[in-house]
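The primary structure of each chain is shown beneath.
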Amino acid sequence: MYTSPRGTQDRIGQDLTVLRFIEKQARQIFKKYNYNEISTPIIEEEKLFMRSLGKTTEVVKKQMLTIKKSGETLVLRPEATAGVIRAYLENNLDKCGEFTKLFYIGQMYRGERPQKGRLREFYQFGVEAIGSSSPFIDAEVIALASQILDNINVCGYRIIINTLGCLNDKDKFAQILKKILSTKIKIFCPDCKRRIKENVFRVLDCKNETCKEAVRNLNINRKDYLCNDCQNHYESVKDNLKQIDIGFEEDICLVRGLDYYTKTVFEIKHASLGSQDTLGAGGRYDNLVQELGGKPTAAVGFAFGIERVILVSDIAEKIKDQEEKLRVFIACLGDNALKCGFKLLQNLRKNNINAEADLRQSSLKSQMRQANKLNARFVIIIGDNELEKGTVVLKNMASGEQKEIKKEELIGAIC
Ligand code: AMP
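Residues numbered from 1 in each chain as written. Predicted model: local features only at pLDDT ≥ 70, side-chain atom pairs only at ≥ 80, totals over all residues. Heavy atoms only, no water.

**Student:** Explain the pairing of strand S6 (residues 121-130) to me, please; I cannot follow it from the model alone.
**Tutor:** For a regular strand, the rule is simple: side chains alternate between the two faces of the sheet. With respect to burial, S6 is a largely interior element, 10 of its 10 residues being buried. Neither face of S6 is exposed, since Glu-121, Tyr-123, Phe-125, Val-127 and Ala-129 on one face and Phe-122, Gln-124, Gly-126, Glu-128 and Ile-130 on the opposite face are all buried. For strand S5 (residues 100-109) and S6, the ladder comprises 10 bridges, and the chain directions are antiparallel. Across the sheet, residue Gln-107 finds its bridge partner in S6, namely Tyr-123. Relative to strand S11 (residues 299-305), S6 runs antiparallel, the two sharing 7 bridges. (Buried < 20%, exposed > 50% of the residue type's maximum accessible area, 1.4 Å probe, protein only. Helix = DSSP H or I, 4+ residues; strand = E, 2+ residues; numbered from the N terminus. Pairing = 2+ DSSP bridges.)

This is the structure we're talking about:
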């Protein structure tokens, strides 16, 4: 027996309906905020991610699924931002307008050790707002994320924000952290000992309890590393969020796992998710466009993991009730009735009526059982009698009422 690769899942029936429902809701909100959809390839060149995410990040070091082919090294995209910015530049969107708002929905791949909320293939929806450093955009992007969650009935999420400052500030922040953490290096796990030297911010996301405790007790102030501009930017983002009644918390230890972030970073968390409690995350990446070959262009975005959103939403229950029922089931008795029913079935579908019939010549009892299972609103019964008279029997499944009507009157009676 073959099984799907670890950390991947087949989606059938209700699972797929829920996924598509969330995609649809997200798409509607993206449109309300005037974002246009972009679709980029699932495979990208490995070097794109090395350059954008950073060679020492966990994603690049440990999680990329690589395909080597004819001298090329490709990877299954672990996230979308790098590919979107590559596409933005390659398709000259930077030359079309000053400000570009893009959204995407699709699969991402990371070679993770699978666990609840941590998959190897997972879906993300996300946005990239490219071409503005305005702190209103940071707030708008966070508001957009929050509105999607509200629309799909996710309650009890927390928005946590921080700022890393510009590249200079970020460097200063890293130096301060390095200095403080080096004095206690002995207490950290082997990975963090390496991270303190290689990429000190990663120490702040370590899941090891001792490391977490040491990080909780850090005494750092944003004023120690932020320049005036970045301090003002951060204050404006917070003011803008307050203006539109978006509640948030601040956490100086929130630094995000990818190197391209500068200034605002944020995460949206949900306590019920356990250790993988981040539903979505994002922030500014004001240097990435230039890093990938464009002109200096400020940008901000986020990505949400749809599987995690599904885990905290009661939408699966809600859409069960909203699902469109089958309008008509046609039950046929005998060969000739089946021929007539087959024609009628096609006719109903051409009239945009969702209809089904059992084309295998089963007993009436079995056909009625199927109609019930499919939750059909009406059953049409055709037998020899009806064939002769050019009529059908129409049964309303909710009321149980049954009447014989002419075939020509059928569509009117069931619409
Ligand atoms: P990131 O791209 O790492 O900033 O992650 C953004 C969001 O994607 C996270 O908050 C998760 O909801 C989701 N995500 C990231 N990695 C995984 C994974 N391995 N499995 C499921 N969801 C993930």
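**Student:** What is the right way to look at the sheet that holds strand S13 (residues 355-357) in this model?
**Tutor:** By definition, the strands of a sheet pair up through backbone hydrogen bonds, in either a parallel or an antiparallel sense. If you walk across this open sheet you meet the 5 strands as S13-S12-S14-S15-S16, and the pairing is mixed. The open sheet is flanked by S13 and strand S16 (402-406), the only strands paired with a single partner. Taken pair by pair, the neighbouring strands of this sheet meet at an average axis angle of 25°, ignoring direction. Helix H14 (residues 335-350) contacts strand S12 (328-332), S13, strand S14 (378-382) and strand S15 (391-396) of the sheet and is inclined by roughly 165° relative to S12. The strands touched by helix H15 (residues 364-373) within the sheet are S12, S14 and S15, with S12 carrying the most contacts at an inclination of about 175°. (Axes fitted to C-alpha atoms, helices over the stretch in contact; angles between N-to-C directions. Contact = heavy atoms within 4.5 Å.)

**Student:** Would you mind going over the nonpolar core with me for this structure?
**Tutor:** Note that soluble globular proteins tend to have their nonpolar side chains buried in a common cluster. By size, the foremost hydrophobic cluster in this structure holds 57 residues, and its most contacted members are Phe-49, Ile-130, Phe-173, Leu-177 and Phe-188. For this core, the element with the most residues is helix H4 (residues 81-90), which contributes 6 residues. Contacts of Phe-173, omitting those with residues within four sequence positions, involve Leu-164, Phe-201, Ile-220, Tyr-225, Ile-252 and Val-255. (Core = buried A, V, L, I, M, F, W, Y, C linked by side-chain atoms within 4.5 Å.)

**Student:** Teacher, can you tell me more about the packing of helix H2 (residues 46-53) against H4 here?
**Tutor:** When two helices pack together, their arrangement is given by the angle between their axes and by how far apart the axes lie. Two elements in contact, H2 and H4, have axes separated by 10 Å at closest approach and are oriented at 105°. Considering their axes alone, H2 and H4 lie roughly perpendicular with respect to each other. Residue-level contacts link Leu-48, Phe-49 and Ser-52 of H2 to Ala-82, Gly-83 and Arg-86 of H4. For the contact of H2 with H4, the per-class residue count stands at 3 nonpolar, 2 polar and 1 charged. (Parallel < 35°, antiparallel > 145°, perpendicular 65-115°, else oblique. Nonpolar A, V, L, I, M, F, W, Y, C, P; charged D, E, K, R; others polar.)

**Student:** Would you explain the pattern of salt bridges in this entry?
**Tutor:** Note on pairing: side chains with opposite charge can pair once their charged atoms come close. Evaluation of the coordinates by the stated rule reveals 35 salt bridges. Across the pair Glu-198 and Lys-61 runs a salt bridge, and its minimum N-O distance is 3.5 Å. Here Glu-198 is found in helix H8 (residues 190-198), whereas its partner Lys-61 is found in helix H3 (residues 58-63), with 137 residues between them in sequence. Under the relative-accessibility criterion, Glu-198 is labelled partly exposed at 40%. The exposure class assigned to Lys-61 is partly exposed, which follows from its relative accessible area of 41%. The shortest N-O distance in the salt bridge between Arg-194 and Glu-198 comes to 3.1 Å. Taken together, the positions of Arg-194 and Glu-198, both in helix H8 and 4 residues apart, correspond to about one turn of that helix. Here Arg-194 falls in the partly exposed class, since its relative accessible area comes to 25%. Through salt bridges with shared partners, a single network forms among Glu-58, Lys-61, Lys-62, Asp-191, Arg-194, Arg-195 and Glu-198. (Salt bridge = Lys/Arg side-chain N within 4 Å of Asp/Glu carboxyl O.)

**Student:** Could you clarify how one ought to interpret the packing of aromatic side chains in this entry?
**Tutor:** The geometry of an aromatic ring pair is captured by two quantities: the separation of the ring centres and the angle between the planes. Under the defined criterion, the tally for this structure stands at 8 aromatic pairs. On the basis of an interplanar angle of 65° and a centroid distance of 6.1 Å, the ring pair of Phe-30 and Phe-125 is categorised as edge-to-face. You can see Phe-30 sitting in helix H1 (residues 14-32) and its partner Phe-125 sitting in strand S6, a full 95 residues away along the chain. Phe-125 matches Phe-30 in its accessibility class, with the two residues each being buried. (Phe/Tyr/Trp six-rings, centres within 6.5 Å; stacked < 30°, edge-to-face > 60°.)

**Student:** So what exactly am I meant to see when it comes to the site of the ligand here?
**Tutor:** The full set close to the ligand counts 14 residues, and Arg-110, Glu-112, Leu-119, Arg-256 and Leu-279 are the nearest of them. Within the side chain of Arg-110, an N or O atom sits 2.8 Å from an oxygen atom of the ligand. Gly-305 is positioned such that a nitrogen or oxygen atom in its backbone is 3.1 Å from an oxygen atom of the ligand. Here the ligand loses 93% of its free accessible area of 490 Å² to cover by the protein chains. Per-element accounting of the shell around the ligand gives the leading share, 3 residues, to strand S10 (residues 278-284). For the shell around the ligand, the residue count by class is 4 nonpolar, 5 polar and 5 charged. (Near = heavy atom within 4 Å. Polar contact = N/O pair within 3.5 Å; in protein donor to acceptor, adjacent residues only side chain to side chain. Areas by Shrake-Rupley, 256 points an atom, 1.4 Å probe, with all protein chains shown as cover.)

**Student:** What's the story with the sheet that holds S5 in this structure? I'm lost.
**Tutor:** With mixed pairing, the 8 strands of this open sheet are ordered in space as S1-S5-S6-S11-S10-S9-S7-S8. Two strands lie at the open edges of the sheet, namely strand S1 (36-37) and strand S8 (249-250), each paired on one side alone. Pairing geometry for strand S7 (residues 157-163) and S8, over 2 bridges, is parallel. Of the residues in S8, the one forming a bridge with Ile-160 is Glu-249. Against the sheet, helix H6 (residues 135-151) engages S5, S6, S7, strand S9 (262-270), S10 and S11, with an angle of about 20° to S11.

**Student:** So what exactly am I meant to see when it comes to H15 here?
**Tutor:** One turn of an α-helix holds 3.6 residues; hence residues three or four places apart share an orientation. Residues Ser-366, Gln-367, Met-368 and Ala-371 constitute the buried set of H15. The inward-facing, buried residues of H15 abut S12, S14 and S15. Backbone geometry just downstream of H15 places Asn-375 in the positive-phi region, at approximately 65°.

**Student:** Teacher, can you tell me more about the environment of Lys-212 here?
**Tutor:** Here Lys-212 is to be found in helix H9 (residues 209-216). Sequence spacing of Lys-212 and Phe-188 is 24 residues, and the spatial spacing of their C-alpha atoms is 9.2 Å. Lys-212 has contacts with Cys-206 and Lys-207, leaving out every residue within four places of it along the chain.

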